[in-house]
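Residues per chain are reported as follows:
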Amino acid sequence: MQPDPVRIAEIGAWIASGLGFGMWLWMLFKERDPIRRVRLSDCGVVLVFSAILTRVAADGRPLGAFDWALLILSPLFIGAALWRLARTQGMGR
């Protein structure tokens, strides 16, 4: 039996969401270094919003207004987080 690619994408998206939220929780409650806090937050943003994009794309149903808003805003948040991650590279050691 062949694995269903849509199901694999959905499972991967939920795993990425869990990791992203875990990074946010770690950043909020455990991390004390400000640069590491920003980097954890940015990594969480990238994981969560990319997982949202994957779930919206793999869903297969017609898109509503909320889905379109996520499709437009998610790449902006991902790009901003990646830009900030690149700017803080090598800091906070």
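Residues numbered from 1 in each chain as written. Predicted model: local features only at pLDDT ≥ 70, side-chain atom pairs only at ≥ 80, totals over all residues. Heavy atoms only, no water.

Participant: Please set out the side chain of Glu31 residue by residue, giving values where relevant.
Facilitator: Mapping Glu31 onto the fold places it in the loop between α1 (5-29) and α2 (34-59). We note that Glu31 is buried and unpaired, the nearest opposite charge coming from Arg36 at a distance of 4.2 Å. In this view, Glu31 contacts Trp26, Arg36, Arg37 and Leu40; residues no more than four positions away in its chain are not counted. (Helix = DSSP H or I, 4+ residues; strand = E, 2+ residues; numbered from the N terminus. Buried < 20%, exposed > 50% of the residue type's maximum accessible area, 1.4 Å probe, protein only. Lys, Arg positive; Asp, Glu negative; His and termini not counted. Salt bridge = Lys/Arg side-chain N within 4 Å of Asp/Glu carboxyl O. Contact = heavy atoms within 4.5 Å.)

Participant: An account of a nonpolar patch on the surface is requested, with residue identities and associated values reported.
Facilitator: Taken together, the side chains of Ile72, Leu73, Leu76 and Phe77 define a hydrophobic patch exposed on the protein surface, amounting to about 400 Å² of accessible area. The topology assignment puts Ile72 in helix α3 (residues 65-87). Overall, the relative accessible area of 55% leaves Ile72 in the exposed class. (Patch = residues over 30% accessible without salt bridge, like charges linked within 9 Å, V, L, I, M, F, W, Y side chains within 5 Å. Areas by Shrake-Rupley, 256 points an atom, 1.4 Å probe, with all protein chains shown as cover.)

These figures come from the coordinates and say nothing about function on their own.
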